Amino acid sequence: MVADFEAMWAALAPVGRSAASGGYFRQPWTSAETELRAWFTEECRARGLRVEADGLGNVVGWWDAGEGPAVLTGSHLDSVLDGGAYDGPLGVVSALAAVDRLRERGVEPARPLGVSIFAEEEGSRFGLACLGSRLATGALDWERARELRDRDGVALPDALESAGLDGRVDPSLLAGVGCFVELHVEQGRGLDDLDAPVGVATGIWPHGRWRFEFTGEANHAGTTRMEDRADPMLTYAMTTLAANKQARLSGQRATFGRVEVEPNGTNAVPSRVTAWLDARCADEATLTGLVAAVERQAADRADRDGTTLVVTAESVSGLVEFDADLTRRLAGAAGWPALPTQAGHDAGILAAAGVPTAMLFVRNPTGVSHSPAERATTADCLAGVEALADALGRVVT
Ligand code: GLV
Ligand code: MN
Ligand code: MN
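What comes next concerns the included structure. (Residues numbered from 1 in each chain as written. Chains lettered and ligands numbered in written order. Predicted model: local features only at pLDDT ≥ 70, side-chain atom pairs only at ≥ 80, totals over all residues. Heavy atoms only, no water.)

What to know about the overall build of the protein chain
Link 1 in the chain: Secondary structure assignment for the protein chain yields twelve helices and 15 strands.
Link 2 in the chain: Computed over the C-alpha atoms, the radius of gyration of the protein chain is 22 Å, within 12% of the 21 Å expected from 2.2 N^0.38 for a compact globule of 397 residues.
Link 3 in the chain: Seen along its three principal axes, the alpha-carbon backbone of the protein chain occupies a region of about 80 × 45 × 40 Å.
Link 4 in the chain: When burial is assessed residue by residue, the protein chain has 54% of its 397 residues classed as buried. (Helix = DSSP H or I, 4+ residues; strand = E, 2+ residues; numbered from the N terminus. Rg over C-alpha atoms; globule rule 2.2 N^0.38 Å. Buried < 20%, exposed > 50% of the residue type's maximum accessible area, 1.4 Å probe, protein only.)

A short note on the coordination of the manganese ion (ligand 2)
Link 1 in the chain: Taken together, His76 (NE2), Asp87 (OD) and His184 (NE2) make up the full set of protein donors to the manganese ion (ligand 2), lying 2.0 to 2.2 Å away.
Link 2 in the chain: Expressed as a motif, the donor residue spacing for the manganese ion (ligand 2) is H-x10-D-x96-H.
Link 3 in the chain: Here the manganese ion (ligand 3) and the manganese ion (ligand 2) are spaced 3.6 Å from one another, each receiving a donor from Asp87. Of the two residues, Asp87 is situated in the loop between β3 (70–75) and α3 (89–104) and His184 in strand β5 (residues 177–185); the sequence distance between them amounts to 97 residues.
Link 4 in the chain: Owing to a relative accessible area of 1%, His184 belongs among the buried residues under this scheme. (Donors = N, O, S within 2.8 Å, 3.2 Å for Na, K, Ca; no water.)

Structural notes on the site of ligand 1
Link 1 in the chain: Around ligand 1 sit Glu122, Arg280, Ala343, Gly344 and His370, and those are all the residues in its vicinity.
Link 2 in the chain: For ligand 1, the protein covers 93% of the area, taking 190 Å² as the surface of the free molecule. (Near = heavy atom within 4 Å. Areas by Shrake-Rupley, 256 points an atom, 1.4 Å probe, with all protein chains shown as cover.)

Brief notes about helix α9 (residues 284–305)
Link 1 in the chain: In a regular helix each residue adds 1.5 Å, so 22 residues correspond to 32 Å; α9 covers 31 Å between its end C-alpha atoms and thus fits that length.
Link 2 in the chain: Every buried residue of α9 is listed here: Leu287, Leu290, Val291, Ala293, Val294, Ala298, Ala302 and Asp305.
Link 3 in the chain: Capping the start of α9, Asp283 holds a side-chain oxygen 3.2 Å from the backbone nitrogen of Ala285, two or three residues further along.
Link 4 in the chain: Downstream of α9 by a residue or two, Gly306 has a phi angle that is positive, lying close to 75°. (Expected span 1.5 Å × (residues − 1). Polar contact = N/O pair within 3.5 Å; in protein donor to acceptor, adjacent residues only side chain to side chain.)

Focus: the sheet that holds strand β9 (residues 253–262)
Link 1 in the chain: Pairing in this open sheet of four strands is antiparallel, and the strands run β9-β11-β7-β12 from one edge to the other. Two strands in the sheet have a free side with no partner beyond their single neighbour: β9 and β12 (308–317). This sheet shows a mean twist of 15° between the axes of neighbouring strands, independent of strand direction.
Link 2 in the chain: In terms of strand pairing, β9 meets strand β11 (residues 272–280) through nine bridges, oriented antiparallel. Looking at β11, one finds that Thr255 is bridged to Asp278.
Link 3 in the chain: Across the sheet, helix α8 (residues 232–250) is in contact with β7 (207–215), β9 and β11; its angle to β9 comes to roughly 170°.
Link 4 in the chain: Where α9 meets the sheet, it contacts β7, β9, β11 and β12, and its direction lies at approximately 5° from that of β7. (Pairing = 2+ DSSP bridges. Axes fitted to C-alpha atoms, helices over the stretch in contact; angles between N-to-C directions. Contact = heavy atoms within 4.5 Å.)

Examining the coordination of the manganese ion (ligand 3)
Link 1 in the chain: Here the manganese ion (ligand 3) is held by Asp87 (OD), Glu122 (OE), Glu122 (OE) and His370 (NE2), and the distances to it run 2.0 to 2.6 Å.
Link 2 in the chain: One chain supplies every donor for the manganese ion (ligand 3), spaced along it as D-x34-E-x247-H.

Here it is, written out as structure tokens:
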């Protein structure tokens, strides 16, 4: 088991890795992600799993056994820009290794067991997180998705085509799924603080992404008197401070992690600043209130700066509470600690679509994620595989 896990991990390690940072660039429908999908398909076939895929890059390897509603487990292979090795791939490699463990134990599933990958979980290319699972569950229409463009202006259908995919949404891919279990590296210090290698998730905080477009007037950085400017950078700068303060005051999360400036010249007052707010709160009313407060302060400041502001919600996900019964069966006799997460996951999309869903977390000693510093020890990863195999063994028989 150790050898299988380590061999799979070693095969993935170089794919999309930046020599400069040691982080990963596995944006969906690029060569790195296409290579990972081919690797996954090959690993499924090597285990005799029947592979089904849609035209988006969502793939399921089926262990056709027994009958009735299927158990699905898996995660994603794409990364954020300069991401860590574990966010996504750990759940995929662990799912394949758990299938191996079940077979070593002689388990004969009474119902089908699928290992899945979902495309563009991070939304790092087209801006909408969990794009693959949203389309596969019907939470998002293809008519809306097809209009999405990446930072270079490439439309989603063209990106898919260049990766050899036809964009076909196939609702039958998940039609027989009775429950979903996602194993994931923990993205904070919760398990490290509790001194536990593995945990279960209680739910996902409501969260979303909002695009703030600040428009002003381009002008000369030297000859324009300070009082004559309409500088959208100032409005943006105050807005990012306001978001930080607002979130701190209420114990929530607000981040401006992406910003585009036009024309982005050193010696010119910019004409436009576009920035994306990522906000996450313990409940939906607090999230709505937080975003409204940031928007109100940004608009007040825009009035004073002589700039204008347009705010557009790009994606908003409600509170997710994982299935209590399934979670109890996951924790089993081990009694793994339970903790909420502020991170989004395909598991949240499946839960919102009415599929009983639960998650297992593996300890992250750095507590850092969405960064090259993300970590998990091999011993903890193997404990995660055992926990997943135990859990799957309980739900497939
Ligand atoms: C995905 O990992 C997210 O929480 O944004
Ligand atoms: Mn993830
Ligand atoms: Mn992530």
